[in-house]
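Examining the three-dimensional arrangement
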Amino acid sequence: MRPNLSNGMITNSCSGIVRPAFSPNLNQYDAPATDWRTGETWFTNVRPTHPKIAVIELSTKAVKLLVNKNPDNTCHNIFSFYDFYRETTKTETGMLLDFRNTMDESGFVERVLPTICQYAHTAQRQFQVDMIYTIATAAYRTASNQKRILRLIKAEAGLNVRILSKNEEANASLHAYIFSCSQREKLLASHHHILIDQGGGSTEISLFNNKELVNSCSLETGTTLLKTLLFRKLSEELETGINRISDIAVLKTQKELASFDDGSESLENAFCIGLGTAITHATGAPNNRTQHEKVLTIAKLVAKRETLLAELCQSFNTVADIKNTLTRENNYHKDKIDRMLVTCLGIPVIISIMEHFKIQQLTVSGTSLFYGAFYEQFFQLHSSNNSLHN
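Residues numbered from 1 in each chain as written. Predicted model: local features only at pLDDT ≥ 70, side-chain atom pairs only at ≥ 80, totals over all residues. Heavy atoms only, no water.

**Regarding the overall build of the protein**
As a reminder, the rule being used: Numbering of helices and strands starts at the N terminus; helices are DSSP runs of H or I of at least 4 residues and strands are runs of E of at least 2. Relative accessible area decides the class of each residue, using a 1.4 Å probe on protein chains only: under 20% of the type maximum gives buried, over 50% gives exposed, and in between gives partly exposed. In this analysis, two residues are considered to be in contact whenever any of their non-hydrogen atoms come within 4.5 Å of each other. Calculation of accessible area relied on Shrake-Rupley with a 1.4 Å probe; when residues are assessed, cover is drawn exclusively from the protein chains displayed.
The helix and strand inventory of the protein stands at 16 helices and twelve strands. For the protein, the proportion of its 390 residues judged to be buried stands at 54%. A fraction of 78% describes how many contacts in the protein between residues 6 or more apart in sequence connect residues 24 or more apart. With an accessible surface of roughly 17200 Å², the protein has 47% of that area assigned to carbon and sulfur atoms.

**Comments concerning the confidence of the model for the protein**
Worth spelling out the cut-off: Residue-level confidence of the predictor is summarised by pLDDT, bounded by 0 at the bottom and 100 at the top.
Considering every residue of the protein, the mean pLDDT works out to 87; 88% of them sit at 70 or more. Note that residues 386–390 has pLDDT below 50 and, in this model, one contact with residues that lie over four places away or in other chains.

**So, the side chain of Glu 256**
Applicable threshold: Polar contacts, as used here, are pairs of N or O atoms within 3.5 Å; protein pairs need one atom able to donate a hydrogen and one able to accept it. Residues neighboring in sequence count only if both atoms are side-chain atoms.
Note on placement: Glu 256 falls in helix 10 (residues 238–258). At a separation of 3.4 Å, a polar atom in the side chain of Glu 256 contacts the main-chain amide nitrogen of Glu 220. Those residues in contact with Glu 256 that lie beyond four places of it in its chain are Ser 218, Leu 219 and Glu 220.

**As for the state of the cysteines**
Note the cut-off: Throughout, a disulfide means two cysteine sulfur atoms within 2.5 Å of one another.
Tallied over the full model, the rule gives zero disulfides. With no disulfide partner, Cys 313 has as its closest neighbouring cysteine sulfur the one in Cys 344, 7.8 Å distant. For Cys 313, a relative accessible area of 23% gives the class partly exposed.

**Regarding the side chain of Asp 197**
Rule in force here: In this tally Asp and Glu are treated as negative and Lys and Arg as positive; neither His nor the chain ends contributes. Take a side-chain nitrogen of Lys or Arg and a carboxyl oxygen of Asp or Glu: if they are within 4 Å of each other, that pair is a salt bridge.
Its location among the elements puts Asp 197 in strand 7 (residues 192–198). For the buried residue Asp 197, which engages in no salt bridge, the nearest side chain bearing the opposite charge is Lys 64, 7.7 Å off. Asp 197 has contacts with Glu 169, Ser 173, Ser 202, Thr 203, Glu 204 and Leu 275, leaving out every residue within four places of it along the chain.

**Focus: helix 14 (residues 319–327)**
Spacing of three or four residues puts side chains on the same side of an α-helix, whose turn is 3.6 residues. To be explicit about the condition: The arc in question is formed by the directions pointing from the helix axis toward the C-beta atoms.
Considered for burial, the residues of helix 14 that qualify are Val 319, Ile 322, Thr 325 and Leu 326. Viewed end-on, helix 14 has its buried residues packed into an arc of 135°, placing them on one side of the element. If you follow the buried residues of helix 14, they end up packed against helix 9 (223–230), helix 10, helix 13 (298–315) and helix 15 (334–356).

**Regarding the packing of helix 14 against helix 15**
We count it as follows: The axes used here are C-alpha line fits, helices contributing only the stretch in contact, and every angle between their N-to-C directions lies in the interval 0 to 180 degrees. For this classification, under 35 degrees means roughly parallel, over 145 means roughly antiparallel, 65 to 115 means roughly perpendicular, and everything else is oblique. Crossings are classed by handedness, with left-handed meaning an anticlockwise turn of the near helix from the far one by less than a right angle and right-handed meaning a clockwise turn.
Look at helix 14 against helix 15: their axes get within 9 Å of each other, and the N-to-C directions meet at 135°. In terms of axis orientation, helix 14 runs oblique to helix 15. Between helix 14 and helix 15 lies a crossing whose hand is left-handed. Side by side, helix 14 and helix 15 meet where Ile 322, Thr 325 and Leu 326 of the first sit next to Lys 334, Ile 337, Asp 338 and Leu 341 of the second.

**Overview of the environment of Thr 91**
Within the secondary structure, Thr 91 sits in the loop between strand 4 (84–90) and helix 3 (105–111). Judged by its relative accessible area of 3%, Thr 91 is buried. When the C-alpha atoms of Thr 91 and Thr 115 are compared, they prove to be 8.5 Å apart, with 24 residues separating the residues in sequence. Excluding residues within four positions of it along the chain, Thr 91 makes contact with Lys 61, Ala 62, Val 63, Arg 111, Val 112 and Thr 115.

**Here's the deal with the pattern of salt bridges**
Summed over the entire model, instances satisfying the criterion amount to eleven salt bridges. The partner of Lys 90 in a salt bridge is Asp 338, and the shortest N-O contact between them spans 2.4 Å. Pair noted here: Lys 90 is in strand 4 and Asp 338 is in helix 15, with a separation of 248 residues, a long-range link. Between Glu 256 and Lys 252 there is a salt bridge; the shortest N-O distance is 3.9 Å. One end of the pair, Glu 256, and the other, Lys 252, are both in helix 10, four residues apart, so they sit about a helical turn from each other. Ionic contacts of the salt-bridge type, sharing partners, join the residues Lys 90, Glu 92, Lys 227 and Asp 338 into one network.

**A word on the environment of Asn 209**
Mapping Asn 209 onto the fold places it in strand 8 (residues 203–209). Taking the C-alpha atoms as reference, Asn 209 lies 4.8 Å from His 192; in sequence the two are 17 residues apart. Ignoring any residue separated from it by four or fewer positions in sequence, one finds Asn 209 in contact with His 191, His 192 and Val 214.

**A short note on the sheet that holds strand 11 (residues 295–297)**
For the record, the criterion: If DSSP finds at least two bridges between two strands, the strands pair.
The strand order across the open sheet built from six strands is 9-8-7-10-12-11, with neighbouring strands paired in mixed fashion. Lying at the two open borders of the sheet, with one neighbouring strand each, are strand 9 (212–219) and strand 11. For this sheet the average axis-to-axis angle between neighbouring strands, irrespective of direction, equals 25°. Looking at chain direction, strand 8 and strand 9 are connected through seven bridges and run antiparallel. Each bridged residue has a counterpart across the sheet, and for Thr 203 the counterpart in strand 9 is Leu 219. Strand contacts of helix 15: strand 7, strand 8, strand 9, strand 11 and strand 12 (361–364), with the helix running at about 160° to strand 7, the strand carrying the most contacts.

**Digging into the packing of helix 10 against helix 15**
What counts is decided by this rule: Gly is put with the polar residues, along with every residue not named as nonpolar or charged; the nonpolar set is Ala, Val, Leu, Ile, Met, Phe, Trp, Tyr, Cys and Pro, and the charged set is Asp, Glu, Lys and Arg.
Where helix 10 contacts helix 15, the two axes come as close as 9 Å, and the packing angle between them is 30°. Of the possible angle classes, the one that applies to helix 10 and helix 15 is roughly parallel. Pair helix 10 / helix 15 crosses with right-handed handedness. Between helix 10 and helix 15, the contacting residues are Ile 242, Ile 245, Ser 246, Ala 249, Val 250, Thr 253, Gln 254, Leu 257 and Ala 258 on the first element and Leu 341, Cys 344, Leu 345, Pro 348, Val 349, Ser 352, Ile 353 and His 356 on the second. In terms of residue class, the contact of helix 10 with helix 15 is built from twelve nonpolar, five polar and no charged.

Structure follows, in structure tokens:
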């Protein structure tokens, strides 16, 4: 069943139907732009011309590791997924924020910090990297005790962390796709680009003109929030619950977009890039390499959601049934089930955005933020090293 996508408004009382356990929109706070070197942690005194770099991304939902195994290829502007090692551990860091935006430090030490330490160790010992560049996004921008959290990371993992501003995050995500796409000339020939990035904390829409960010909008429809809203009515039938939350999310999206000035005459022919679990999983492809550059139309998104919803409802009768499965320890299927649920909840928001901007299709990016952060860092260092050697 496709949720109602007709025009409508959602009143403030709608958000009070279900009280989430954390700050509703984790991208309501921004961070000041800082020197790009603040996130670097070097392990070598003599810096090579082509340094071997790892990126650790601390996102709202997960901790991610990316290691460039072949800097010589990268230096010659050659992209291949096989030149990178990547790993992700879902930590649901955003769930550790309370309504005062204070991050639970004991929960962070127990749930998140061990993965950060493990990834730092992997990058150093297994891959012998010269430097780790550590970036943090929405949950860390929001945390009122972010300085204490960063000190914990420094003390236990030995890492310097740079909290990205929203503009820096959007630019890096676009750069990730530009660097990795197979038809770069066709991409760059388009003057207008729209980036839709649905994360756990929010759904971000970024508008670019000639690769320059001209406007952005942060929607309170992150998939972590949508799941939290769903789980507040455990006795509800699963199909009813998913469709109810999707309708709320769509109405909220429509209201927020109605007041958003896109700053351009027409974006109908803009090149649209999409990323986030709901988008990548909607391709049906098994991994980021095979998901990359897949094209999704609204019809394909609707069909995928209907298929996944039917599969979920065959396995689970109520919201409580699926929540119990997702919270059960040592359940090897829970990541797959979680992706299916996130996709069902997230797709209606993506459809609503596409319809608002009259976008006919979006192209999936399998290279998310940490690829962009890597490329920006790598070429800044490469440029600096060349200047030093000239």
